Every structure is written in structure tokens, then in C-alpha cells.
Amino acid sequence: MVSGLRNLSSLPPDYLNGNRPRRAMTQSTDDRLRIEAAQRDPARFGELYEENFYRVYAYVARRVGDRHLAEDLTADVFREALAGIGKYQWRGVPFAAWLLRIASHTVADHFQRLGREAGNPAGDPEAPDSAGIERRAILFQLVERLPEAQFRVVHMRFVEQKSIREIARELDRSEGAVKQLQLRAIENLRAQMEGANA
């Protein structure tokens, strides 16, 4: 079962210090086995939650821009996923894509509620399509496979939304070195995404 959300004021130190779990090329098989286990026993959903929590939270937080709201909406995403896991059908697409689709709908519903309350039913103008969600799920997996220094810079820059100067100070590197790591990471990701779409 999904219990309460963890404290998100910062990621666990182990996660940023290089002790994060590396994804093997068997991620697809691992996903499928975890999903099947959770479908048989909902108590096993916790493994899927742990594996995907940060990417869902990062996606939601980036869309809503408020930590507390992002925590609440992320909890809603995982509650909905747990409720629907029995109907989930494996199609070879990363499980995170399904979760991000739920997150997209959850965020869109939130904006629609806000719009109705404010008398403006327009909703979220940036709701992505299914292909966009799938691309993001693949991108999250590729980011986690980056060399450690590149991963740390990308995570601090785009998830934690720190400035180059803050990252340089934290990593005890020059701003130029941080910019180089960021550039190499982005080029690496671009090449891999183009390869995945070829």
C-alpha cells in the first residue's frame, strides 16, 4: 500500500552522492515482474511506488510550481495507480509512462477545478499528449543512466531548479565546469533520444 509521502525538502543524501540505484538494461522485465506482483498482491505496489516516486513528483512539481500542492497531487497519482493496477495491461512501454499519464490527468483536473472555481473553465493549456508522456518517461530513464557527475548536475539544475552558481558551490567546481557537464549531458541525452526515435 502507498503510505504517506516522504519529506521532500531535499532528496536523500545517498541519492545525490552516487549511491542511487542504477537501471539495468532489464528495466522492462523488472517493470513487468513488479507490475504482475502488484496485480496479484496490492501490498507489492510499494516497489513500483519507490521506483517511480521521484520522477512523478518532479513531473508534477514542475507543472504546478508549489511543493505542498505537488506532494498532494503526487499522492493522488499513486492512489489512482494503486486503484487501477489490476486493470493495467503490459504493452512493453515503461510503467512510468502510465504513471505520467495519470499525473498529467491529475494536474489537468486540478487546473480545471481551479478554473471552474475562478469562473474560467479553460483548464491546463499545456496538457501533453500520450506520445509526449512516453517521450518524457524514456527521457527520465536516460537521465538516470548518465555518468554520475552529469546526472548530479542535470538533477540539481532541472529538478531542484538550482542556478549554475549554486551547483558549482555545492559540487566544489567552477561554474564553467558545471556548464560543461550540463552541456555534455544534454548532448548525450539528445543523441540517445534521436537514436530511440530512429
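Keep in mind that what you see is a predicted model, and the values were worked out from it rather than measured.

## Quick word on the overall build of the protein
Part 1: On a plain count of helices and strands, the protein comes out with nine helices and zero strands.
Part 2: When the helices and strands of the protein are placed in sequence order, the string is α-α-α-α-α-α-α-α-α.
Part 3: Of all 198 residues assigned to the protein, the portion counted as buried reaches 41%.
Part 4: Across the protein, every contact between residues at least 6 apart in sequence was considered, and the portion connecting residues at least 24 apart equals 70%.

## Let's talk about the packing of aromatic side chains
Two descriptors summarise a pair of aromatic rings, namely the distance from one centre to the other and the angle between the planes of the rings.
Part 1: In total, this model carries nine aromatic pairs according to the counting rule given.
Part 2: Plain terms: the ring middles of Tyr49 and Phe78 are 4.8 Å apart, the flat faces sit at 75° to each other, and that makes the pair edge-to-face. Here Tyr49 is found in helix α3 (residues 45–64), whereas its partner Phe78 is found in helix α4 (residues 67–84), with 29 residues between them in sequence. Here Tyr49 matches Phe78 in class, with each residue buried.
Part 3: Measuring from centroid to centroid gives 6.1 Å for Phe53 and Tyr57, while their planes differ by 10°, and the two rings are stacked. In this pair, Phe53 and Tyr57 both sit in helix α3, four residues apart, roughly one turn of the helix. When sorted by exposure, Phe53 lands in the same class as Tyr57, which is buried.
Part 4: Cluster of aromatic residues (ring-pair linked, three or more members): Phe45, Tyr49, Phe53, Tyr54, Tyr57 and Phe78.

## Observations concerning the nonpolar core
Part 1: Residues Phe45, Val56, Val60, Ile85, Phe95 and Trp98 are the most contacted members of the largest nonpolar core, which totals 30 residues.
Part 2: For this core, the secondary structure elements donating two or more residues are α2 (27–40), α3, α4 and α5 (95–117).
Part 3: In terms of residue count, α3 provides more of this core than any other element does, ten residues in total.
Part 4: Not counting the four nearest positions on each side in its chain, Val56 is found in contact with Thr74, Val77, Phe78, Leu99, Leu100 and Ala103.

Here is what the cut-offs are and how they apply
- Residues numbered from 1 in each chain as written.
- Predicted model: local features only at pLDDT ≥ 70, side-chain atom pairs only at ≥ 80, totals over all residues.
- Heavy atoms only, no water.
- Helix = DSSP H or I, 4+ residues; strand = E, 2+ residues; numbered from the N terminus.
- Buried < 20%, exposed > 50% of the residue type's maximum accessible area, 1.4 Å probe, protein only.
- Contact = heavy atoms within 4.5 Å.
- Phe/Tyr/Trp six-rings, centres within 6.5 Å; stacked < 30°, edge-to-face > 60°.
- Core = buried A, V, L, I, M, F, W, Y, C linked by side-chain atoms within 4.5 Å.

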